[in-house]
Each structure stands twice: as C-alpha cells, then as structure tokens.
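This is what each chain is made of:
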Protein chains: 6
Amino acid sequence: MSRIDGRTPEQLRPVTIERGWSKHAEGSVLVSFGDTKVFCTASVTEGVPRWRKGSGEGWVTAEYSMLPRSTNTRGDRESVRGKIGGRTHEISRLIGRSLRAVIDFKALGENTIVLDCDVLQADGGTRTAAITGAYVALADAVEWARSHKLVKANRQPLTGTVGAVSVGIVDGVPLLDLCYEEDVRAETDMNVVCTGDGRFIEVQGTAEGQPFTRDELNGLLDLAVRGCGELDAAQRTALAAEL
Amino acid sequence: MSRIDGRTPEQLRPVTIERGWSKHAEGSVLVSFGDTKVFCTASVTEGVPRWRKGSGEGWVTAEYSMLPRSTNTRGDRESVRGKIGGRTHEISRLIGRSLRAVIDFKALGENTIVLDCDVLQADGGTRTAAITGAYVALADAVEWARSHKLVKANRQPLTGTVGAVSVGIVDGVPLLDLCYEEDVRAETDMNVVCTGDGRFIEVQGTAEGQPFTRDELNGLLDLAVRGCGELDAAQRTALAAEL
Amino acid sequence: MSRIDGRTPEQLRPVTIERGWSKHAEGSVLVSFGDTKVFCTASVTEGVPRWRKGSGEGWVTAEYSMLPRSTNTRGDRESVRGKIGGRTHEISRLIGRSLRAVIDFKALGENTIVLDCDVLQADGGTRTAAITGAYVALADAVEWARSHKLVKANRQPLTGTVGAVSVGIVDGVPLLDLCYEEDVRAETDMNVVCTGDGRFIEVQGTAEGQPFTRDELNGLLDLAVRGCGELDAAQRTALAAEL
Amino acid sequence: MSRIDGRTPEQLRPVTIERGWSKHAEGSVLVSFGDTKVFCTASVTEGVPRWRKGSGEGWVTAEYSMLPRSTNTRGDRESVRGKIGGRTHEISRLIGRSLRAVIDFKALGENTIVLDCDVLQADGGTRTAAITGAYVALADAVEWARSHKLVKANRQPLTGTVGAVSVGIVDGVPLLDLCYEEDVRAETDMNVVCTGDGRFIEVQGTAEGQPFTRDELNGLLDLAVRGCGELDAAQRTALAAEL
Amino acid sequence: MSRIDGRTPEQLRPVTIERGWSKHAEGSVLVSFGDTKVFCTASVTEGVPRWRKGSGEGWVTAEYSMLPRSTNTRGDRESVRGKIGGRTHEISRLIGRSLRAVIDFKALGENTIVLDCDVLQADGGTRTAAITGAYVALADAVEWARSHKLVKANRQPLTGTVGAVSVGIVDGVPLLDLCYEEDVRAETDMNVVCTGDGRFIEVQGTAEGQPFTRDELNGLLDLAVRGCGELDAAQRTALAAEL
Amino acid sequence: MSRIDGRTPEQLRPVTIERGWSKHAEGSVLVSFGDTKVFCTASVTEGVPRWRKGSGEGWVTAEYSMLPRSTNTRGDRESVRGKIGGRTHEISRLIGRSLRAVIDFKALGENTIVLDCDVLQADGGTRTAAITGAYVALADAVEWARSHKLVKANRQPLTGTVGAVSVGIVDGVPLLDLCYEEDVRAETDMNVVCTGDGRFIEVQGTAEGQPFTRDELNGLLDLAVRGCGELDAAQRTALAAEL
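Conventions we followed
- Residues numbered from 1 in each chain as written.
- Chains lettered and ligands numbered in written order.
- Predicted model: local features only at pLDDT ≥ 70, side-chain atom pairs only at ≥ 80, totals over all residues.
- Heavy atoms only, no water.
- UniProt positions renumbered as here; feature names shortened; annotations may be inferred.
- Helix = DSSP H or I, 4+ residues; strand = E, 2+ residues; numbered from the N terminus.
- Rg over C-alpha atoms; globule rule 2.2 N^0.38 Å.
- Buried < 20%, exposed > 50% of the residue type's maximum accessible area, 1.4 Å probe, protein only.
- Contact = heavy atoms within 4.5 Å.
- Areas by Shrake-Rupley, 256 points an atom, 1.4 Å probe, with all protein chains shown as cover.
- Lys, Arg positive; Asp, Glu negative; His and termini not counted.
- Charge placed at Lys NZ, Arg CZ, Asp CG, Glu CD.
- Phe/Tyr/Trp six-rings, centres within 6.5 Å; stacked < 30°, edge-to-face > 60°.
- Lys NZ or Arg CZ within 6 Å of the ring centre and 35° of its normal.
- Pairing = 2+ DSSP bridges.
- Axes fitted to C-alpha atoms, helices over the stretch in contact; angles between N-to-C directions.
- Least-squares fit on C-alpha atoms with pLDDT ≥ 70 in both.
- Buried area = accessible area lost by both parts, 1.4 Å probe.
- Salt bridge = Lys/Arg side-chain N within 4 Å of Asp/Glu carboxyl O.
- Polar contact = N/O pair within 3.5 Å; in protein donor to acceptor, adjacent residues only side chain to side chain.

Taking an unreviewed UniProt entry as the reference, chain A is identified by name as Ribonuclease PH belonging to Streptomyces meridianus. UniProt annotates chain A under Catalytic activity (unreviewed entry) with the comment "tRNA(n+1) + phosphate = tRNA(n) + a ribonucleoside 5'-diphosphate". Its UniProt record, at the heading Sequence similarities (unreviewed entry), says of chain A: "Belongs to the RNase PH family."

Draft legend 1. A look at the overall build of chain A. Within chain A, the regular secondary structure consists of 6 helices and 9 strands. Its C-alpha radius of gyration of 18 Å places chain A within 12% of the 18 Å reference for a compact globule of 243 residues. Referenced to the eigenvectors of the C-alpha coordinate spread, the extents of chain A come out at roughly 55 × 40 × 35 Å. Each of the 243 residues in chain A was classed as buried or not, and the buried ones make up 60%. A fraction of 68% describes how many contacts in chain A between residues 6 or more apart in sequence connect residues 24 or more apart. With the model as given, the accessible surface of chain A reaches about 9,300 Å², and the carbon-plus-sulfur share is 48%. Of the side chains in chain A, 29 bear a positive and 34 a negative charge, and the two mean positions are spaced by 7 Å.

Draft legend 2. Up close: the packing of aromatic side chains. Following the criterion strictly, the structure yields 27 aromatic pairs over all chains and no others. Ring centres of Trp51 of chain B and Trp59 of chain B lie 4.9 Å apart, and the angle between their planes is 85°; this geometry places the pair in the edge-to-face category. Trp51 of chain B sits in the exposed class, given a relative accessible area of 55%. You can call Trp59 of chain B buried: its relative accessible area is 17%. Note that Arg52 of chain C overlies the ring of Phe105 of chain C, its terminal NZ or CZ placed 4.7 Å from the centroid.

Draft legend 3. Inspection of the sheet that holds strand S6 (residues 162-170) of chain F at higher detail. On the basis of which strands lie adjacent, the open sheet formed by 8 strands has the order S7(E)-S6(E)-S8(E)-S9(E)-S9(F)-S8(F)-S6(F)-S7(F) and antiparallel pairing. Each having just a single partner strand, strand S7 (173-176) of chain E together with strand S7 (173-176) of chain F make up the two edges of the open sheet. Strand after strand, the sheet turns through a mean of 15° between neighbouring axes, direction not considered. For S6 of chain F and S7 of chain F, the ladder comprises 4 bridges, and the chain directions are antiparallel. Bridge pairing in S7 of chain F places Val167 of chain F opposite Leu176 of chain F. Across the sheet, helix H2 (residues 86-100) of chain F lies against strand S9 (200-207) of chain E together with S6, strand S8 (188-195) and strand S9 (200-207) of chain F, angled at about 150° from S9 of chain F, the strand it touches most.

Draft legend 4. Broad picture of the relation of the copies chain A and chain F. For the pair chain A and chain F, the best superposition has an RMSD of 0.0 Å and corresponds to a rotation of 180° with a translation of 0.0 Å parallel to the axis. Look at the turn and shift together and you get a two-fold axis relating the two. Identified as the residue of chain A closest to the rotation axis by C-alpha distance is Ser79 of chain A, at 1.8 Å. A symmetric contact is evident, with 100% of the interface residues of chain A recurring at the interface of chain F.

Draft legend 5. Expanded view of the UniProt feature "binding site: phosphate" (unreviewed entry) in chain A. Residue and element names in this part refer to chain A. According to UniProt, the "binding site: phosphate" (unreviewed entry) feature falls on Arg87, Gly125, Thr126 and Arg127. In sequence the annotated residues extend across 41 residues, while in space they remain close, none of their C-alpha pairs exceeding 13.5 Å. Among the secondary structure elements, Thr126 is positioned in helix H4 (residues 126-147). With residues up to four places along the chain from it excluded, the contact list for Thr126 reads Thr36, Val38, Tyr64, Arg87 and Val119.

Draft legend 6. Just the interface of chain A and chain F, in detail. Contact with chain A, which involves 35 residues of that partner, is made by 35 residues of chain F. A buried area of about 2,900 Å², summed over both sides, lies between chain A and chain F, and 50% of it is on carbon and sulfur atoms. The largest contributions to the chain A side of the interface with chain F come from His24, Arg69 and Arg77 of chain A, which together make up 24% of the buried area. Counting every contact that joins chain A to chain F gives 16 salt bridges. On the surface where chain A and chain F come into contact, there are 24 residue pairs in polar contact (both at pLDDT 80 or more). Elements represented by at least two residues in the side of chain A that touches chain F include exactly strand S3 (36-46), strand S4 (59-66), helix H1 (78-81) and strand S5 (111-121) of chain A. The element contributing the most residues to the side of chain A that touches chain F is S5 of chain A, with 6 residues.

Structure below.
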C-alpha cells in the first residue's frame, strides 16, 4: 500500500540541504524535507549569558518560529500577539537540547551560538527538519569560530552528529517522516532525535487517539533509527562539499 | 546499592492521594510523591471554547504552575514577569494531552473541564505527580457532572485510567521515580504516561549527558510500566473510598 | 440574632495557624480563618534591591495571589492573562506595608524577606488571613536569619506583632470577620491591621452602599481591635510551639 | 508653629476648580490643590460593559495616571513599560469607588461614564484632588446626559456630593492637606473621602512609621471632615457658575 | 473660497506658546495650534543610555502620547492595553529625530534630554504642534543645563531652530495647517519639519486618495516653508520673553 | 566617481522578482534588490475586520518583519521581547498604505488581503524592496480571488501599480537605491513610493546630518521617479510570465 505521495512506509521524503544561504550568518542552511522548508542560521557571539560567565564554558540555544503564511491558513504573528505560544516554546527548547547534546562546552569556550530556525513553508516535520538543518549550520558556525580563533584550533566543540525524524502510525501502519496530511491522521506520533551512530538524544511519542503498545513503540523506533541514518548521510554529503 | 533516600532502584516514593481538598472545585486532590506535593482541582463548566461550539463534543485542558517558593530557591512569579515560561507551557500541554487520552468527548457533551495543577512543594517528578493526581480529580469531576445531569447518566466520558512516572539513569543505574537530587544527576531522564493496562499515552526521553542506547531505553520503559501499575492501584484505592 | 454560620456578631471564625508547611522556605504557615485558607511562605535572601544597596538596611515585600479555583467559580490565572489585576496589586502592597511596620530595617541588615501569600481556598477575609499568617512566617524567617548569622544575634529585626481582621455592617449590624456571603451583602466593609498592643497600622474602610457615619466607624473599629487581640493570642500560641 | 508653606495645620491649600477645560469631553475640570494640578474629564457613552448588559443599570469607572514629568524626577511611562503599576491601579479603583458611591445606577440607565484623571503636576494629594475634581466633571457629564436625553429628565443619577482630602501626622502634629514635602515626612498618612454632609465613603489610614493610636485616628478624622466641608463649598461654587 | 474656520488657504491657525507651565521640568511649554493643545516638557538628566556611554556625546529623545479624551471619542489608554500603537511610535520617533537635527551632541556632553509631548486636546496637527512646542521646551532645557554647569558655558548644543506644520490638498486646494475636519477630507496629507532658515529636516507626504503629482508636491512644499517661517517667528517671540 | 559596488549614482542594484515561492499563499514573491532579499506572501480571506463589516468594501493590510539574523549582527526576535518596535510598526504601516493606494475596495468586496513581508537578508532598502515585491504578490492574490469567484470577474480591484525605492545624498552626491553601507553614511535619506505613471503615493525624506535644501530634495525626487520607472518594468516582466 503506497502513501499519499507514493512513498513506501519506510521512505523519507526528498531531503535537500543548501549551505551558505545567508551572507551574514556564520552558518546558514535551507533545509527541505519534501515541501517543508526551514531556514536555519547559526550566529556566533563572544561571551555567554550572565548565569554562565566565568565558567569557561560556552552555550548553544535555539529559537524556532513559523512565518505567518508558512501554513495552509495564515496564523497570527507571535510578535503581534505579544506572546510566544506553548508549541513554539516547546520546539525551540527541543532544538536547543538536541544540539547541546553534541557540543563540548569546555571546548567551545565562552562563546554562544544561537540557532534560528524559521519555517518558510510547512508540510509536517518542521521540528525534525529544523534539527537536521540546524546541525549543519552549527557545524559551519563551529568551523567559523575555529578559523577565527574564537575557539582554539586544537579543540573540537562538536562531539557527534544529530538528525531527527518523525514517525507515526496511520491506519495501523507505521510510517517514516510524516507529511502534514499523514500527521493529522496519525493515531500515534513520535519525534526521534538520534546521533549518527544510532543512539537516542530525544524520544517523544504521543498517542493522538488510542494509547500505543510496547510493540508499536518498538516498530516506530526501528523506523526512526533507519531514517536518522539516512539523514546522517545527507548531512555528511552536504558538509563535505565546498562552501 | 541503595538510593539517597534508601529506596531500591525500582521503588516508588510513598504516594498519597487525598480527595476533597477544596470545597469549591468539582474534583480536587492533594497528591504527594514523597516530598513533591501538587494540588489538583478539576473545574467543570457548561459550554466549550468557541472553536468547538456546536460540535456536540466537550473539552479538557490543564494549567500547571509552581508556587514561587515550592522550590529550594524562590522563583519569580510568572504573573509578575508577565509571561509564561516555556517549561510551564510544555508541562501544561503534556497534562492536558494525557488526560484527553482517556476522555470520550462525545460522551462528555459540550462541557469543559479545566485541571489546575499547582505545585505546593517540589522535589522532582512534579509533572508526573500532577498527571497522576489530576486523573483522580478528573474522575471526581466527571462523576459530579453525571450526578448533576450535565452528562447523561448512561454515558461514561472516562474511557480509562492514566498515571505517570519519571525514570532515569543515574550513575549508569536505571531508577524509578527520581527525586530532585537524582533528577539533577541523571544522564537520561524520561517521563512516561501510561494507561492502567500498561499501554503508552506519552513517552518523553531526553539525554541530559550521553545519548542513550536502545537497551537503556528498554530498561527504562520496563521500570516505568511497573511504576505506573502501582500508581494505578493507588488511584483505584483512593477513588474507592467515600468522598 | 445569629449569623449564617451561627457566630455572634463579635465572634471570629475558627483560626488555625500551622507552621512548617514547607520544607524549602525559611518560614511557612498554612493559616485558616474558617474556610479561608492561605499558604504563606517567607523567603530570606542575602542582599537587597538595587535602590537600597549600600544603605545597610534590609527590605520586606509581599506577593499575594489566588489559585484559579480557590473561589466558587474558576478565575483566569494572572500569568495566563499576562498582567496582574488591580486587586492583586492592592493586596500585595497592603501585606507588604503591614509587615514592614514591625521591622527594624537596620537590625535586619542588607537582607530581603519575601512573603508569598497564596490563597488555596477563599471564603472572605483572604487579605486579613494572609497578613495574620504571614506575620508568623516572617517571625520564623527572622529567627532563621538570626540562627544562620545573616542577622547578628544581638539584633532583633522584629519590633512588634501584626494581625488583621475584616469588619463590616450587614443589615445594619456591625460584624467581625466577615465570611464571603456576609462580605457580599455588607453595606460597609473595613479591613483593619493592628499591632498586638491595639494600635493601628492600616485602616481601610469603604462604603459599599450608603456612606457610613462617624458612629458606625467607631463601632467597627471597636470590633476590629477586639478581633486583632484574639488573633495576637493565636499567633503567640502558634509561635510558642516547637517547630 | 506654621507649616512649610505658611499654612496653619487645619488649613487647605488654595483650591481652584476650572470647568469646561476640554471641547470634546462631556464634563471636564482642571483642579488644583496648591501646586498639584489634575486634569479630569468625564466621557459619556451609551451602553455598559458586557457583564452589566440588560441590567437596566449604568456604570461609572475611573482611570488615573501621572504624566511622566508631573513629578520632580521623570518617571517611566506605564505605556512604555507595558504594564500599569500597583499604585496607579489602586488609585484608579479608589476614584471609581468614590464616585460610584453617589450614583444611582438605575437612574443613570445603561450608560457608562469614564473619568480620566491625569496629573499634570504633582505636589502631594493627587488622588484627593482627582476625586474632588472628578466629581465636578461627573456632575457636568450627568447634566449633559440629561439634556441629551440619554437620561430621562425626571431622573437624577447623582445622589450626593463627594470630596476628598489627605491628612497626616508630621512631627507629632496632625495636618490637613499635605503637600509632597509633608507627605514624605508624615508618620501617619490618611486619605478620607466624604460626602458633602460629612459621612464617609472611604477612609484609608496608613502608619508610615510608628503605628497610630485611636486618639490620633480621631484627630485626623476631625481634620478631614472639616477639610471636606470646605471642598464641598468650593465644588458648589464652581458648579453654580455658568459653564 | 474660505475654510471651515474662515481662514485663507495659506493661513495658520492662531498659535500660542506658553513657557514655564511646569514647576518641575527643566523646560516646559503649552503650545496651541487653534484647538490643538500639547503640553511639552523637557527633562534633563546627567548620563546617557548604555549604548552611548563613554562617547562624550549626549542624547535627545521624545515620547508622544494622547490623553484618552483629547479626541472626540474617548480612546483606550495605551498603558491599559499594555502596548504602544504604531501611530504613537511613529510620531515619537519623528519628534525625536526632528529635535536631534538641531543638537550638537558633543557640545551637549553626556547628558540626556527627554521631550514628553502629551496631547491635552486634539484638532489635527498634533505632531506638528508637538515639534514646534518641544523645540521651545528644549531650548529652555539647554539653557538650564548651561546655567547649572552640566554643559560648559562656552558650548552651545543648540545648532538651529525647528518648527513643523501640516499641509494638504482638500477638494483640490492646497491648505496650510489642517484642522481635524480638513485632515479627514484631505486627498494628500503632508507633514513638513523645517529649520528656521527654510531647509528641510523631514518631509512626509502621503496620498490618502489619488496619488499626487510633482506639481502638487511642489505647491505643498511652498506652503509648508511659508508656515514654518511664521512658526519660527512665534518661537523666537516666546523665547525672547522673560521666563 | 563610482559607488562601493561599482554602480553609477543613478543605477539600481540587480532586481529579481520570483513568483510562486510558496505553495500555500495566494500570492508569493521572493524579491531581491542586490543582497536585500524579502519574502512576500499575500493571503486572501473572505470577510473583513469588524469595523468594516457591512460596508461592502474590502481591506488590505501588511506586516513587515526581519528575521533575527537577516542583519550583520543578530537582533532579538520581537516575539521574544513581547513587543513590536517602532521601526517595524512604521514600515508595516507604510507598506499597507502604499498598497491600499492602488486598490478599489468596492471592487474587492468584503475580502481581506494580508501582505507578509519577511526580510530574509538585509542590505539596505528592505522597505522599498518589500513594497515592490508585495505589489506583485498582491496582483497574484487579486487574480486568485477573481478566478475563485471571491471577486466578480468583471471587477478589477487593482487600480494601478506601485513600486518604491530609496534615494539619498552621500558625500554630497545624490544616489539611487542605497545599499546598507551607503545608507549608514547618507546625510539625507528618502524613501519614495510611486505609481507606474510617476505620481507619488508616499514621500518620506529625513535629514540624518545637515538639513537639506529644496534643490537637493528636487534632485532626489528626480532620481526616485526614474528608479520607480525601472521597477515598474521589472514588475510587469515578472507578472507577464507564466506562474
């Protein structure tokens, strides 16, 4: 049984990772998972937030946002409403945690890297595309910091690779990398953040309809690990190219 | 090897669930997981939010908050800061989703139940205690709604039971129901929301230090399911008593 | 003529003052005036707000809040609305002023004590219960500060005792310590904050219906002084007990 | 012993009440108590807030604000800070309550009158000047509503007169109508709102230093009633003039 | 063809500039353009905003606001709404820029002058009246700073004069200094800020209906320059008088 | 004398206008003026804001925003700060006014079009690029509304074309279409919004240093009209292509 867009259940959408999309940012990527497009920039600044000063350690944080018309119907701007919604907060925190998991803060020294992930077009999986793209922007920013002597050349702040993918059960079938239409119909929805070597940084599964069983959970994790492996390859290919 | 408070790794803290703690609310519970104490009220109102009007279906939502001095050092009030933090948003959403998973909205009819979970004292596991206590307050509120004819007597909006517990890996050992001191030191931290029959409503695992392996994940899930089973028993005991 | 709850006009509701209700706070009290229950914590921190630095003097301030379902119908959370209402501001300021009236700031030294008064259940008189309970939490916090050498052992920052009670005229009869149902019907409503020796710290009388005469004012003040005397005794008893 | 500005203890500052200061508002007054100048407008609109619709009764409310440089050192604008301070809230509420005390809401019908009291120059007693001036603006607005048939000609929404004055104890001497310099030094500070016939609408006394005795309270009330009598005369004179 | 108020097309409304309207502010002016009345204060403080510290240069900024009932129908207070509207922001920025254009920041030294322009009554042209009045308040404040030695006596921070006027096309006729009724009907609306010698500091023209031609633009600029010349004379007269 | 980037004074930067950049929006354009890139979407919804209901007329409005790292150093997100800055407000209003100038609201009927202009990369002239691009997105959205029968086929809501360009005086030389580096150094800075036939919709000139003369103003207007003519041609070319 094929999916809405003709994929097999265990198939990712076409993934593209374009580096160098901004002339200002120290790292920048336009990542797409099918029709989902996220613009990720990594900004390096010397110094750290007040609560971390004098620690000798750096900091990495992230902000996620959707352009008002990235979705099918226009949403209000959070700046206009004057407050950030819970979903935005939640995803920003997830992206930040995921990337901090592969950073050696001592090696980074007292520098801060902010990842901005702005969704230009949404079709499901915006948070997983954001993490996957932000990792590449982060890698470029770390390299920039090393070449500009903010980080000592013999230190490597990056300790691993990170990618993320959604999985879910739709009509009883576990699917990899849900598009929006599948996401809406999913009985169970899970976002998984993995390192390149198949270990877990974050697992977030939610029963949207019926609670899910241990077997279903295992099936979804299998799919997710497989998908993250492919994303890892795509990231490596992108980073191997000349900027 | 025993834990800070003398427990074995697979042992819950003492759990108490006191019903009827408010004379105003339709359901109310003071729940404690060891030194963590959360006051949960369930408020029933006729009608539903605007976006759900005319659907014939009800709504359940939750708000979580910590009293400023529920923690070791006093935190700012979110009302004074003028905005709700990301963590508060995230937990409120988690509690709401968890309880909605056991509600039949059609059976509830166009009524709304709001769960307020206010942490009076925090010692780790406030969100899991909140879910566990809120379920009992919700059950009382649903019963109130049925006895007051807001819900038809032959309909049962409650479709199952929900409990939640934290698990984590500390010094390489998987532990059930972390207290604050353990939580701070955990390499991996997971919150699991289960139905009484051992299926999953929500699984949220986070690597705080090293990424975790599939085996570690499995070990944590085993512990969590076991803990949720014990919480289910405690909830049943509490609900069986005269109010 | 007896009152709704069978009291005589000059009778307080049952008053309970439980100390040590929090394991974190330097002073903590659960105070009840009948069905009105307020949880008061006193938090001690070294240092003072910026505008007071270098003065050698301490500071005491208070924040009052009602849990959303402390009342008969659920109120919105002020953190969710994003602003603090006028009534909350007004009461927080009243509590702070009342307690500052019995503090010698020089003796306190450059330390700050914050009183948090969170209403768990409201049935009239929440602000007066809050002041009465907060005084006891403050006394414990001051003692903590002395025993922890933040305050010199030979200095006593506490210069007196404070209690508060509401009085009002209902159906032409002056009543002490109004419950909610009486408060709603009162023609005149007055909150009086007294020292233990019967002097006034704050007098706030408001005509809800007809303006009140000088004689009526005098009658209310007589009742209030009498009530504050009884509260003073209850506070002394509570503080005399082992913590 | 004479005061800073040469007055006797029981003497008001020069009071002026200029009506018709705005071409737009239905009632408008520039009131001055010595150097304290407050611009009061009364705005009449048909209809009432949602919670009062269909009641057949009107509503009166007030907003108080200080221009940033009405004081000796410039204060931040509350619109710029994005929130209203506790003092502003408190005074707005006091003004509203004071004026509602002399309004028959049934006679007013479903109309709303908003009093805006903006302090152009502050020298102590801004809230009492605001109440005194707002009453006159309110009287003009009520007359406007009657002449424009919003209120039936045979109904009189205004049931009395209101004025307000501050009193306080400075260096042990009770003084009437404190200027800023006296206010700062006062041991006890009281604001009293009276009807023209000497009854009380609001009494708010605060010990700034030592608690005050019943005798001191009585002395201050005597002074305040006397001052309010003089303000009543000034209001009558102002209202007797051609607009 | 004469205008609503009998003026010729190239005639200003009566202009009054009253200095010394505040006893607190270092410069203060009540300016009126016909029925438009704006109260302008200039507040001098030592020091500059953080981003300018150590530069040796001063700063001038402005805040504009309308009293709620300065207009025909009462508007909400921006402090109550909790945010400043776009129009307020825009005008505050315009006033600040206009006055900074005639300040030598080096001569001013590290001092800050804040212009507060509060509209007491609005009848069109509030921003131009505000600029014209604020200039006079600024001039007085600069003189105050020199006489109080904040600015060296041999330095003159004021490098020119500034005035502003609105012009517009109504029924095809270019008019100077539009009152509200004309402003509402204008097809093109322009605000022009000039120095006393007829050069431009700011030109803001907007087509409200049809786009305007180069010829129409030229005609409006001619009128504006003429009007600013008259305002310059009025400012000089006001400043020549004894304060 | 050639410019930083080799252009002549009266030369625009390379302009590109890519339509169809979003699969969701009814009109969408990625516009670039050199390195300045703005993503413009036009969202059509049936209905109008409350204040316009029943008028039979439509509405067009705009929101402008900069991505945090669109600039050389990262700026705070306005959603995080909780308020929109003055500059953002000002530009959003300018874009909205400019586009409303070429809309026949009666022909549009009770439909609303919102233009979102998000700056992906900034290098001067973001507001003029936004207006120029938004016009094309608007034209596509209007066409969409006609083909989807929201607008009657025989009505044409679009009454003209709009483009905008910046001009300024740098080192005494009038330049067209300033890049950021030129903008920073400009003595006078002007943004001009024109129709395709060379009439003015908006003229906003500001002296950043010295006031400017009438001759300088004329020179700048000449340049701007010329630039807008070229932009008009680019817009026509883009719109002539198949979508």
